[in-house]
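Listed below, chain by chain, are the residues.
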There are 2 protein chains.
Amino acid sequence: MSGPRYTPLAASLPSTVPFVGPETQERARGSAFAARLGANESAFGPSPKAIAAMADAAAESWKYGDPENYDLRSALSTHLDVPMDAIVVGEGIDGLLGYLVRLLIGVGDAVVTSMGAYPTFNYHVAGFGGELHAVPYKGDYEDPDALLEMARQVDAKLIYFANPDNPMGTWHDAATVQRLIDGLPDGCVLCLDEAYGEFAPEGALPVIDVANPNVIRMRTFSKAYGLAGARVGYAIGHPELVSAFGKVRNHFGVNRVAQAGALAALQDQAWLADVVAQTAAARDALAAIATGLGLQPIPSATNFVTIDCGKGVERAKAILDSLVQAGCFVRMPFVSPQNRCVRVSAGKERELNLLKAELTAALSSLGSKAR
Amino acid sequence: MSGPRYTPLAASLPSTVPFVGPETQERARGSAFAARLGANESAFGPSPKAIAAMADAAAESWKYGDPENYDLRSALSTHLDVPMDAIVVGEGIDGLLGYLVRLLIGVGDAVVTSMGAYPTFNYHVAGFGGELHAVPYKGDYEDPDALLEMARQVDAKLIYFANPDNPMGTWHDAATVQRLIDGLPDGCVLCLDEAYGEFAPEGALPVIDVANPNVIRMRTFSKAYGLAGARVGYAIGHPELVSAFGKVRNHFGVNRVAQAGALAALQDQAWLADVVAQTAAARDALAAIATGLGLQPIPSATNFVTIDCGKGVERAKAILDSLVQAGCFVRMPFVSPQNRCVRVSAGKERELNLLKAELTAALSSLGSKAR
């Protein structure tokens, strides 16, 4: 008897995953990480009010969550001053990226991104058979002009652009992003990933304009709001594009407790401001650690610092391995030339002290403190 | 400037949703339901240990959940006595059905189900362009022979079959289901939805055989375990089919708190047994209420009772509307001849008393207590 008949596309897909989780590494090494600084989670945690709201909601878990995510969307609508029907909530930005790609991209359709940008976006594009065209970063910045030029060349239906960027942490000002928006070729959608938007300095995020049918902005409760484990992201865009998500999304996909947590987190803007301030301080501390050891921190508007280790991928990989072995979970960019770096999330003092000690030891054992 | 260029498939999809949530109805009517008996949630709630585990885990929500769902899969592996690599955890059965359909079904591929069976499965089939072929129920039972016959006729890649069934609550014994499994045409996969499996009597569920490449069984923490809002389902099947989910799933899609809750729920089998007993008693009570009012309860192996209102869809719809207006959230099957019924979930005594009172009133105002 013959087995399942996969679609040709499904049969062609690799079984690789975009990210291996820290728990997998912990199981492999047989002990927990002492510092969890690899997934750009917020070590400062969610608002205590969000924790309390989730603890309260736990007993109500026998009920499905509201498939409309009404209360959260209503609060976001007020907070962002955009209509509710311009907001869709989903299972993290990862889930929303999957839905967006599914709506727009079929086999052979052209998509443009930056070489080394978010791998989970690429995973979704491959998953629906899209043709990904990647342009190099310029310095350590995503290059809007190159993205537009490539989009015109390949008649892209979709461009991915993160501001601030991951994995480098760099950012563009709003005027530059607006030029990217204004320069979009006919029929091309810009997916503007603002997962780290709350950390960005004033003037980095363009004004939201949901009248533009071709821009969709992705935001999340996973980063500054400290709720990575909750899986609550949202997309903001033209109501027509936003309503199209209703054709394909898992309507009951967002956890009920998470909806309550995200709502409470949104309502505690004082906590958010405090986290952003603590994150900025941790970023400065990380930059100082790097500089003090002769490494080059790349300017960041996120909750991580990407550190140029100075001598290409082998050295960065050696440092990463050494840190991981010593109990510091960190990651590094996947492709050249960004993979001359290691990427370290903002953490609390204890974690940064450990990172400093282990990075010092790693460099020392590599035979040189300076590059 | 022209807008987004949707795929032809996405452009063709309707914006209808499989289910309108009770919260949407509550917002429309301006008040909360007094009895929530429409979504087959467990009014008896999750294990207190699961609630405690979730409350504890809430503070850890700043961390992503383990994308491998390792601890939960490991516990399920022990509980079910199947290898871990034969289990995949996802965002409820709804999410897993979407992944399964995506792996197997492309535009024009044939799928077989029963006329009036789970609409969310149909939603996913339509969403990936599959051709759905539905066979009638036989009496109020899904008809394995008719499913097989249709699958052969249309060269189906996938059959959907729920045991116990929703929306009718009926069930087949294991031998009958095994005949369905054994009769599968070459290259045809059976999706055996056992969402209500924990409520089924001894002897209704066939032995799990993960060596069979063509059977995948769907189970959930949403029903008997009382965690509908957590969004944790799992599929059990041949490791090759199960591993294929890794090509398309949202790897970080399962909420971290929910993973902890599901694990604790699984570990409290005494609570599960108590819920199953309380549910059976509530089912008997619901049947008695129906019978006492001259209506015909359909035998059920689930956590709901589907009640034949005796005079076709108009009468059932009138009763449903009356109940909903009176604050009892219930639902009814979508298609004929099942839509001569209303479907009422097992509830606590207070809810059943309210249901009895309002059902009595509804029948009385419809001019007849008997059919």
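Under an unreviewed UniProt entry, chain A has the name histidinol-phosphate transaminase and belongs to Pontivivens marinum. For the record of chain A, the UniProt heading Catalytic activity (unreviewed entry) holds the text "L-histidinol phosphate + 2-oxoglutarate = 3-(imidazol-4-yl)-2-oxopropyl phosphate + L-glutamate". Of chain A, the UniProt comment under Pathway (unreviewed entry) reads exactly: "Amino-acid biosynthesis; L-histidine biosynthesis; L-histidine from 5-phospho-alpha-D-ribose 1-diphosphate: step 7/9."

Caption draft 1: Up close: the pairing of strand β5 (residues 158–162) of chain A. Residues and elements named next belong to chain A. Most of β5 sits inside the fold, with five of its five residues counted as buried. Taking every second residue as pointing to the same face, both faces of β5 are buried, with Leu158, Tyr160 and Ala162 on one and Ile159 and Phe161 on the other. Alignment of strand β3 (residues 110–114) against β5, held across two bridges, turns out to be parallel. By the bridge assignment for β5, Val112 is matched with Ile159. Note that the unit made of β5, helix α8 (residues 174–182) and strand β6 (residues 189–193) has a crossover that is right-handed.

Caption draft 2: Looking closely at the domain arrangement of chain A. Residue and element names in this part refer to chain A. By the assigned domains, chain A splits into domain 1 (20–45 + 270–365) and domain 2 (48–267). Taking only C-alpha atoms into account, the centre of domain 1 sits 25 Å from that of domain 2. On the domain 2 side, the residues contacting the 26 residues of domain 1 number 24 residues. For the pair domain 1 and domain 2, the summed buried surface comes to about 2,000 Å²; carbon and sulfur atoms form 65% of the total. The largest share of the area that domain 1 buries against domain 2 comes from Leu272, Ala301 and Gln338, three residues that together contribute 27% of it. At the surface where domain 1 touches domain 2, the tally comes to one salt bridge. For the salt bridge of Asp140 with Arg340, the shortest nitrogen-to-oxygen distance reads 2.8 Å. Inspection of the region where domain 1 meets domain 2 yields eight residue pairs in polar contact (both at pLDDT 80 or more). At the level of secondary structure, the elements contributing two or more residues to the side of domain 1 that touches domain 2 comprise α11 (269–292), β10 (304–308) and β12 (341–345). Sorting elements by how many residues they give to the side of domain 1 that touches domain 2 places α11 first, with six residues.

Caption draft 3: Representation of the sheet that holds strand β10 (residues 304–308) of chain B in the model. Residue and element names in this part refer to chain B. Spatial ordering of the open sheet is given by β9-β10-β12, a layout of three strands whose pairing is antiparallel. Of all the strands in the sheet, just β9 (296–297) and β12 (341–345) have a single pairing partner and so form its edges. The sheet contact formed by β10 and β12 spans five bridges and is antiparallel. Bridge pairing links Asp308 to Cys341 in β12.

Caption draft 4: Main features of the side chain of A:Asp66. Topologically, A:Asp66 is positioned in the loop between α3 (48–58) and α4 (70–80). Side-chain polar atoms of A:Asp66 contact the backbone nitrogen of A:Tyr70, separated by 3.0 Å. In contact with A:Asp66, not counting residues within four places along its chain, are A:Gln259, B:Glu23, B:Thr24 and B:Arg27.

Caption draft 5: How the structure looks around the environment of B:Gly129. All names here are of chain B. The residue Gly129 is located in the loop between α6 (119–127) and β4 (131–135) in this model. When its relative accessible area of 13% is taken as the criterion, Gly129 is described as buried. In contact with Gly129, other than residues within four places in its own chain, are Leu9, Gly106, Val107, Gly108 and Asp109.

Caption draft 6: Just the interface of chain B and chain A, in detail. Taken residue by residue, the interface counts 86 residues in chain B and 86 residues in chain A. Of the roughly 7,200 Å² buried between chain B and chain A on both sides combined, carbon and sulfur atoms contribute 54%. Taken as a group, B:Arg5, B:Trp62 and B:Tyr64 account for 13% of the area that chain B buries against chain A, more than any other trio of residues on that side. On inspection of chain B and its partner chain A, the count reaches eight salt bridges. A salt bridge links B:Asp155 to A:Arg5, with the nearest nitrogen and oxygen atoms 3.2 Å apart. Where chain B meets chain A, there are 60 residue pairs in polar contact (both at pLDDT 80 or more).

Basis of the calculations
- Residues numbered from 1 in each chain as written.
- Chains lettered and ligands numbered in written order.
- Predicted model: local features only at pLDDT ≥ 70, side-chain atom pairs only at ≥ 80, totals over all residues.
- Heavy atoms only, no water.
- UniProt positions renumbered as here; feature names shortened; annotations may be inferred.
- Buried < 20%, exposed > 50% of the residue type's maximum accessible area, 1.4 Å probe, protein only.
- Helix = DSSP H or I, 4+ residues; strand = E, 2+ residues; numbered from the N terminus.
- Pairing = 2+ DSSP bridges.
- Right-handed = clockwise from strand over helix to strand, strands pointing away.
- Domains from an automatic or database assignment.
- Contact = heavy atoms within 4.5 Å.
- Buried area = accessible area lost by both parts, 1.4 Å probe.
- Salt bridge = Lys/Arg side-chain N within 4 Å of Asp/Glu carboxyl O.
- Polar contact = N/O pair within 3.5 Å; in protein donor to acceptor, adjacent residues only side chain to side chain.

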